[in-house]
Protein chains: 4
Amino acid sequence: MPQLRDVRKIKKKSVAPSAKTPAGTVPGAIRPRDMQRSRAEILRAAVSEFAAAGFEGARVDRIAARAGLNKVLIYRYFGNKEDLYLAVLREVYSLLGEVERDILEHNVRGAELIEQLIDGYFDFLQRREDLVNILLWENLLGTKYLQKLPHEAVGRSTLSTLEELIRDGQTEGVFRADFDPHQLVVSLLVFSFGNFANRHSLSLLFGRDMAGAEWMEKRRAETKRVIFGYILPNKPGVLTDAPDTRSKPGVTTDAPDTRSKPGVTTDAPSASGTPSTPDK
Amino acid sequence: MPQLRDVRKIKKKSVAPSAKTPAGTVPGAIRPRDMQRSRAEILRAAVSEFAAAGFEGARVDRIAARAGLNKVLIYRYFGNKEDLYLAVLREVYSLLGEVERDILEHNVRGAELIEQLIDGYFDFLQRREDLVNILLWENLLGTKYLQKLPHEAVGRSTLSTLEELIRDGQTEGVFRADFDPHQLVVSLLVFSFGNFANRHSLSLLFGRDMAGAEWMEKRRAETKRVIFGYILPNKPGVLTDAPDTRSKPGVTTDAPDTRSKPGVTTDAPSASGTPSTPDK
Amino acid sequence: MPQLRDVRKIKKKSVAPSAKTPAGTVPGAIRPRDMQRSRAEILRAAVSEFAAAGFEGARVDRIAARAGLNKVLIYRYFGNKEDLYLAVLREVYSLLGEVERDILEHNVRGAELIEQLIDGYFDFLQRREDLVNILLWENLLGTKYLQKLPHEAVGRSTLSTLEELIRDGQTEGVFRADFDPHQLVVSLLVFSFGNFANRHSLSLLFGRDMAGAEWMEKRRAETKRVIFGYILPNKPGVLTDAPDTRSKPGVTTDAPDTRSKPGVTTDAPSASGTPSTPDK
Amino acid sequence: MPQLRDVRKIKKKSVAPSAKTPAGTVPGAIRPRDMQRSRAEILRAAVSEFAAAGFEGARVDRIAARAGLNKVLIYRYFGNKEDLYLAVLREVYSLLGEVERDILEHNVRGAELIEQLIDGYFDFLQRREDLVNILLWENLLGTKYLQKLPHEAVGRSTLSTLEELIRDGQTEGVFRADFDPHQLVVSLLVFSFGNFANRHSLSLLFGRDMAGAEWMEKRRAETKRVIFGYILPNKPGVLTDAPDTRSKPGVTTDAPDTRSKPGVTTDAPSASGTPSTPDK
DNA sequence: AATGAATGAGATTTCATTCAT
DNA sequence: TATGAATGAAATCTCATTCAT
């Protein structure tokens, strides 16, 4: 898990002179074929740094320090700060695309598809906090740099595929028919990412931790509940007061009911209709 | 509406002396060398600049240029860049608080309260794009500066009041009982703000404008629909197949039906169940 | 006594608008004939400021604030910072010259002359700490500015008069003959001023207050003792009990011994030969 | 001998690359890119600059130029101007302490101890004019920065040792018993340093060079004479009219007489009792 | 490949000085 | 005269980038 904040004071690692030659190599010999590894190392470090400080705030020196490599290599391999940043952006968007690609590959459909998407987003958001931050920084810059990337590196065909699958679900009656699949896809993204875009500020506002894993699990559950409430058909008779099928997070229940539909974690309101212990 | 991007190259205004009168004042009228006004002018300019470029990216010179005042005054009135930024943060949070305060003052309750909140948020988000950006920048810095403000300047008591009102609504049966008011409040914020946190990136992703007013109206409607689907009791019998009461945005229908509940703008799927022309 | 240090944060006095018109004048009327007073006020303030911070460290703004007058006047009356500083130097040297002039006017001779000189110097040093500092600052600049003053403003004819008087004393046998009057004059200055040139540093070095009045009285006494031990003839047999020429300054010891010759304050070693309570 | 004044206009050295070898090194010899040396070089340059201009007057650019190194290194190695100045102060006080330490190590006692001290101070003052100036600047600032140093870096234990040795001398009868050792130690410092604190101003006042080596030798002798007149026992019978044992400076006569006691340089008054040619 | 250093630009901050009301 | 503001220069400090060893 990448360290994000408070990493400003990284100092050059001061290795003993003897340690300079990597173990197993003859001193004086040039270290071989490490270029690939170095490049990757720099990129990794750059992701961390740009995530933590943004483009303007990022320091080339710190990236070098994070990578444990010399600053010169950054310029040798990437050209300059901006190009390095562009490489990072590319990486980020590539990884982001994988989320949907992974899910689509498994041919899930219907409610399960939606749930896996939400889970996929939340997992990504929680696991790659750094990448998310880069998306947010870049957005604040009005995609100043993102625009410089070739379109293929950014646009995500997966999203239209998704829309179609949802539309199919509507046709088949798995989903309600009266919502716009396009808006839904956006909602899935927005409702998920929105939790992260302001988590630190919100923590201050509400005076409680809204950035930690525990809280995010609650949000994940809540998000699922809201979405499913919106897209699944209401089954008359089982309406509001139907008993919740409590299940562990991630587990898909075969018969989702009105409220906490497929495999939703509900540490939230109990089935009785009265939320027992709203987290406070 | 504040200019946000592409304002980097502002140079010293080389206006003719007569042009010194700031916009909005009658030319010829005395523009007193007014400390109060100068301070305010700087603050306004600072909001714009910090919104557009963030703390690191902001340039004191540009702030002075935007304010049409001398750089020295910034230091005289605010001390230094950071203190100026803190003053800006204070301002932003103060204005943000007003959104809820305004609504709470009018003693609206029930569905209308929720709708006004969503509207309030979207209005704020659309009208004060700059302030929102500042919130987002600051969040990315992990509230590095926000933390330096006294707690009163940030914490918002309105939010707990809100929770209570919602809980009241649940007790009275206006809202479903099986959701957590606290989570709802967060959802209202997150679902609203989420639309803005990534609008530029999303525009690129989807290859369409997702930052403009038109699109945001759609999101506002969609958000309302989702939220109301979640919190309003299902009225058995009128359920899914009820015809949508199409209404203009902002207009509250007295008899909200299943889907588009109070005064929701529905440029979305038509009543027939099949979304006629999903916006594309 | 002028405030010397810690005066850096003087703020513009913010008088109520109504207070602007000095009492007794018709509002709107121009304040009359205050130029002389303003000039003097500025000069006084400048002495304080330059004394406290030196030429480079002094701030024109602070001088204006100290004077309670507007910065503009400084430029109107004195031209610029350097010219103001030169005016200050002139003032300082003029006042310094008075010390000797005052004494010489009274036609004191012999030991009493010397004692009055030492007293004069110490009095000046203690009372006009500010002026002394200016001398020291200027010295550190290698008299960079002092040199720009006309010679009359600096050179002090009194000093050569002094030398002659001392030489007379030697001829008359009042003083020992085997010292150089010129060196003595210098010693008088140096031994006196030396106590001030490093008093703060010495305080730190010795870990005790060596800047206060109490300590300086000890130094004054010690200095007299040393000087008199040097210039007064040792009278064999009459040694210790030589008649004291009692004079004002300091406490008169009833039983002065060998050491403290004319009117010397001796809080120092007692007559017995063994210093009773060396100050520690 | 360090250059002190008139060094303000040092510009970037535009030397040919080959000229890079710093003075004192063999051209062609490897000048390792040695951090240690660079640091030392900067410190040395800083001492000169701060000595010549004081803290406020000193220019970081000039320090870099003096050091023949890049400005950036100053910040890399020392942080900022103030920290650099603090490092300089540390250095100065450390070197100052050595004066006494050197002497105390040699186990000299009695009159010789005192003479060596005076010599030590005058040597230091003449040789390290720059350090003395720094002491004086700092004193004028009321030890504003000195106070920030840890006490050990400033306080000098040697001084109390000195007092004890003098007291021992008094007990043994080598010194007169009726003076306070503490005051004597202070007098030694003050009478020595006092000559330097105002030498340039005095030069102007008296219209003769009072800053040069020649003059300082006279002051050194005079100071010794005065001090010894004060602390050595009067030998009745040899009193005033004893012939001076003229000796070379620094040479200690085995049988010091009343006036020019141990090894005092007397280019001063001739033996006859009447100073023949007072220097003028 | 690493270290130390240099370059050059630019950003923040501070001042003296002047202008306008 | 006082106030507020403006100007212009400079000084401190920071960075990206490049060079040399």
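Just so it is clear, the structure is predicted and the values come from calculations on it, not from any experiment.

(A) How the structure looks around the relation of the copies chain C and chain D. With an RMSD of 0.1 Å, the fit of chain C onto chain D corresponds to turning through 180° and sliding 0.0 Å along the axis. Both copies are brought into coincidence by an operation consistent with a two-fold rotation axis. Relative to the rotation axis, the C-alpha of G194 of chain C is the closest in chain C, positioned 1.9 Å from it. A symmetric contact is evident, with 95% of the interface residues of chain C recurring at the interface of chain D.

(B) Representation of a negative patch on the surface. Residue and element names in this part refer to chain A. Among the surface-exposed residues, E91, E98, D102 and E105 lie close enough to one another that they form a single negatively charged patch. By secondary structure assignment, the location of E98 is in helix α4 (residues 81-105). Since its relative accessible area comes to 35%, E98 is described here as partly exposed.

(C) Fine view of the interface of chain B and chain A. Residue-level contacts link 76 residues of chain B with 79 residues of chain A. When chain B packs against chain A, close to 7100 Å² is buried across both sides, 59% of that on carbon and sulfur atoms. Counting across the chain B and chain A interface gives two salt bridges. Between R59 of chain B and E56 of chain A there is a salt bridge; the shortest N-O distance is 3.3 Å. At the boundary of chain B with chain A, the tally comes to 20 residue pairs in polar contact (both at pLDDT 80 or more). Counting only elements with at least two residues in the side of chain B that touches chain A, the list comes to α1 (35-57), α6 (129-140), α7 (151-154), α8 (158-171), α9 (181-197), α10 (199-206) and α11 (213-231) of chain B. Residues of the side of chain B that touches chain A, tallied by class, amount to 35 nonpolar, 21 polar and 20 charged.

(D) Region of the structure containing the interface of chain C and chain D. At the junction of the two partners, chain C supplies 77 residues and chain D supplies 76 residues. Summed over both partners, the interface of chain C with chain D comes to about 7000 Å²; 59% of that surface belongs to carbon and sulfur atoms. At the junction of chain C with chain D, the criterion picks out two salt bridges. Across the contact surface, chain C and chain D share 20 residue pairs in polar contact (both at pLDDT 80 or more). Of all the secondary structure elements, the ones that give two or more residues to the side of chain C that touches chain D are α1 (35-57), α6 (129-140), α7 (157-171), α8 (181-197), α9 (199-206) and α10 (213-231) of chain C. Ranked by the residues each element gives to the side of chain C that touches chain D, the list is headed by α8 of chain C, at 15 residues. When its residues are assigned to classes, the side of chain C that touches chain D shows 35 nonpolar, 21 polar and 21 charged.

(E) Inspection of α10 of chain C at higher detail. If you check α10 of chain C, its first and last C-alpha atoms are 27 Å apart, about what 19 residues at 1.5 Å a residue would give, namely 27 Å. In terms of burial, α10 of chain C is a largely internal element, 16 of the 19 residues being buried.

(F) Quick look at the packing of aromatic side chains. The final tally for this structure, using the stated rule, is 40 aromatic pairs over all chains. Ring geometry for Y121 of chain B versus F193 of chain B: centroids 6.1 Å apart, planes at 65°, classification edge-to-face. Residue Y121 of chain B is located in helix α5 (residues 110-127), and its partner F193 of chain B is located in helix α9; the two are separated by 72 residues in the primary sequence. We classify Y121 of chain B as buried; its relative accessible area is 1%. Overall, F193 of chain B belongs to the buried group, its relative accessible area being 7%. Taken together, F50, F55, Y85 and Y145 of chain A form an aromatic cluster joined through their ring pairs. Sitting over the face of the ring of F55 of chain A, K81 of chain A holds its NZ or CZ atom 4.8 Å from the ring centroid.

Definitions and cut-offs
- Residues numbered from 1 in each chain as written.
- Chains lettered and ligands numbered in written order.
- Predicted model: local features only at pLDDT ≥ 70, side-chain atom pairs only at ≥ 80, totals over all residues.
- Heavy atoms only, no water.
- Least-squares fit on C-alpha atoms with pLDDT ≥ 70 in both.
- Contact = heavy atoms within 4.5 Å.
- Patch = residues over 30% accessible without salt bridge, like charges linked within 9 Å, V, L, I, M, F, W, Y side chains within 5 Å.
- Areas by Shrake-Rupley, 256 points an atom, 1.4 Å probe, with all protein chains shown as cover.
- Salt bridge = Lys/Arg side-chain N within 4 Å of Asp/Glu carboxyl O.
- Lys, Arg positive; Asp, Glu negative; His and termini not counted.
- Charge placed at Lys NZ, Arg CZ, Asp CG, Glu CD.
- Helix = DSSP H or I, 4+ residues; strand = E, 2+ residues; numbered from the N terminus.
- Buried < 20%, exposed > 50% of the residue type's maximum accessible area, 1.4 Å probe, protein only.
- Buried area = accessible area lost by both parts, 1.4 Å probe.
- Polar contact = N/O pair within 3.5 Å; in protein donor to acceptor, adjacent residues only side chain to side chain.
- Nonpolar A, V, L, I, M, F, W, Y, C, P; charged D, E, K, R; others polar.
- Expected span 1.5 Å × (residues − 1).
- Phe/Tyr/Trp six-rings, centres within 6.5 Å; stacked < 30°, edge-to-face > 60°.
- Lys NZ or Arg CZ within 6 Å of the ring centre and 35° of its normal.

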